[in-house]
Amino acid sequence: MPILNIGDAELHVDIQGQGDAVLALAPGGMLSHRELWRVTRDGRPREYPDPVAALASQYRVIAPDQRNAGRSRAPVRASDGWTTYALDHLGLLDALGVQRFHVIGSCIGSSFALKLCELAPQRVVSAILQQPIGIAGQDGKRGESFDQWADTVRARDPGVNDRALDGLRHNLFGGDFVFSVSRDFVQRNPIPLLILGGNDALHPRAVSLELAQLAPSATLVEDWKGQPQRYLDAIQGFLAATRPPRPAWPAA
């Protein structure tokens, strides 16, 4: 797993396969790191296949540990927020020589993916939002894993400033909807979306439904958990359908 210095962050990243780039942003809330595609935070197997391994036969899959999660490290500042993470992702892709890319994000990774759509629409080919987090009416929770993540940061660095942690939490989870972007942005977003719908308190079905209703180019798939072939078929079919056309060879 290479280590890349991106701005003020030291990011660990797993890279597998060859072909068009797919940025894979893992579930796990603030603890989002590569291994959480395979297992839950308490070590149980996921209800779906690891998409990093599944896609690596056709794509170059880039799966980072987020800053201060897994083996990645960075300062914590009160001014940090969704843009901070997006700049990590774009800087990582720059360092790897990737201009255009697909992105798959699960849980918090869906909100990371939407921020990339907002900040770099000319670079994101398509986005897969797997059980997105958010608030819809009375449904949803705010930053459920933040305190657990903050404890790991304090354990590693007792000098971490509580003001910085409070500021980061507010910037990430002080809003509503999907936290990272507005409903207005989703209505204007031209990038094709595949939404693998959520169905629990952390990933409310109402958020997935609203995303699918708002986005101009969205496909919603529900009832995919525990159905590995349905899950893989949806992802692989969507990526194939949105893959940029290859340039034609000039006539001999």
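Whatever comes next refers back to the structure up there.
Rules and cut-offs
Residues numbered from 1 in each chain as written. Predicted model: local features only at pLDDT ≥ 70, side-chain atom pairs only at ≥ 80, totals over all residues. Heavy atoms only, no water. Helix = DSSP H or I, 4+ residues; strand = E, 2+ residues; numbered from the N terminus. Expected span 1.5 Å × (residues − 1). Buried < 20%, exposed > 50% of the residue type's maximum accessible area, 1.4 Å probe, protein only. Arc of directions from axis to C-beta. Contact = heavy atoms within 4.5 Å. Axes fitted to C-alpha atoms, helices over the stretch in contact; angles between N-to-C directions. Parallel < 35°, antiparallel > 145°, perpendicular 65-115°, else oblique. Nonpolar A, V, L, I, M, F, W, Y, C, P; charged D, E, K, R; others polar.

Draft legend 1. A look at helix 8 (residues 228-242). The first and last C-alpha atoms of helix 8 sit 21 Å apart over 15 residues, in line with the 21 Å expected at 1.5 Å per residue. Buried residues of helix 8: Y231, L232, A234, I235, F238, L239 and T242, and no others. On an axial view of helix 8, the arc spanned by its buried residues comes to 160 degrees, and they lie on one face. Seen from the open side of helix 8, the exposed residues pointing more than 90 degrees away from its buried face are Q229 and A241. Along its buried surface, helix 8 packs onto strand 3 (21-25), helix 1 (51-55), strand 5 (101-106), strand 6 (124-130), strand 7 (193-196) and strand 8 (218-221).

Draft legend 2. The arrangement of the packing of helix 2 (residues 82-95) against helix 3 (residues 108-119) in detail. It is at 9 Å that the axes of helix 2 and helix 3 come closest, and there the two elements cross at 75 degrees. Between helix 2 and helix 3, the angle falls in the class roughly perpendicular. Taking contact as the criterion, the partners of W82, T83, Y85, A86, H89 and L90 in helix 2 are, on helix 3, I108, S111, F112, K115, L116 and L119. A breakdown of the residues in the contact of helix 2 with helix 3 according to their chemical character gives eight nonpolar, three polar and one charged.

Draft legend 3. Looking closely at helix 3. If you check helix 3, its first and last C-alpha atoms are 17 Å apart, about what 12 residues at 1.5 Å a residue would give, namely 16 Å. Of all 12 residues making up helix 3, 10 are buried, and the element is well covered by its neighbours. The complete set of buried residues in helix 3 reads I108, G109, S110, S111, F112, A113, L114, K115, L116 and C117.

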